[in-house]
Amino acid sequence: KIKGTVFTNPSSGEEFGTIRAFQSPVKVKFFVRNAWKPFAEDDCGNFFAISDQGHVGFWDHETDSRSELATSFAEFCTHCAKPKDVELKPGQVIATWVDPDFKPEFD
């Protein structure tokens, strides 16, 4: 139900990356040390995890830090929604680059 949605923190308004299934095995020491179980990742390689008490947290791979997002999975889900559309104006994008390994047929 939550795949493809984004979580928005109700107190700060901070929007987290699009929630998706794991792209690779989770081998992060943080989860082993702290008894948190990851259940999804965002589009930047960060993880959403649940504690033994049912709290939902977010682990940032760049800072190796965790922040609590909700006191239950149900509460977490109430703050998940489809991402907002991004509208670009003509001339707003100067250049783009696509990794050729992403879609080889674009070459």
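Computed from a predicted model, the values in this text were never measured in an experiment. (Residues numbered from 1 in each chain as written. Predicted model: local features only at pLDDT ≥ 70, side-chain atom pairs only at ≥ 80, totals over all residues. Heavy atoms only, no water.)

Novice: Tell me about the overall build of the protein chain, residues and numbers included.
Specialist: From N to C terminus, the protein chain includes 2 helices and 6 strands. Walking the protein chain from its N terminus toward its C terminus, one meets helices and strands in the order β-α-β-β-β-β-α-β. When burial is assessed residue by residue, the protein chain has 27% of its 107 residues classed as buried. For the protein chain, the accessible area works out to roughly 7800 Å², and carbon and sulfur atoms hold 54% of it. (Helix = DSSP H or I, 4+ residues; strand = E, 2+ residues; numbered from the N terminus. Buried < 20%, exposed > 50% of the residue type's maximum accessible area, 1.4 Å probe, protein only. Areas by Shrake-Rupley, 256 points an atom, 1.4 Å probe, with all protein chains shown as cover.)

Novice: Describe the pairing of strand β5 (residues 65–70), naming the residues involved and giving the relevant values.
Specialist: Regular strands show a simple pattern: their side chains alternate between the two faces of the sheet. Here 5 bridges tie strand β4 (residues 56–60) to β5, and the two strands are oriented antiparallel to one another. Pairing of Trp59 across the sheet is with Arg66, part of β5. (Pairing = 2+ DSSP bridges.)

Novice: Pulling in residues and values, what's your account of the packing of aromatic side chains?
Specialist: Taken as a whole and judged by the stated rule, the model has 10 aromatic pairs. Taking 4.7 Å as the distance between ring centres and 70° as the angle between the ring planes, the aromatic pair formed by Phe16 and Phe58 counts as edge-to-face. Of the two residues, Phe16 sits in the loop between β1 (6–7) and α1 (29–34) while Phe58 sits in strand β4, which places them 42 residues apart along the sequence. Considered together, Phe16 and Phe58 belong to a single accessibility category, that of buried residues. Each member of the aromatic cluster is reached from another via a ring pair, and the members are Phe7, Phe16, Phe39, Phe48, Phe58, Phe73 and Phe76. (Phe/Tyr/Trp six-rings, centres within 6.5 Å; stacked < 30°, edge-to-face > 60°.)

Novice: Go over the side chain of Asp42 with me, naming the residues and quoting the values.
Specialist: Inspection of the secondary structure puts Asp42 in the loop between β2 (37–41) and β3 (47–50). Look at Asp42: it is buried, it has no salt bridge, and the nearest opposite charge is Arg20 at 6.3 Å. A polar side-chain atom of Asp42 sits 3.1 Å from the main-chain amide nitrogen of Gly45. Non-local contacts of Asp42, meaning those with residues more than four positions away in its chain, are made with Gly17, Thr18, Arg20, Phe48 and Phe58. (Lys, Arg positive; Asp, Glu negative; His and termini not counted. Salt bridge = Lys/Arg side-chain N within 4 Å of Asp/Glu carboxyl O. Polar contact = N/O pair within 3.5 Å; in protein donor to acceptor, adjacent residues only side chain to side chain. Contact = heavy atoms within 4.5 Å.)

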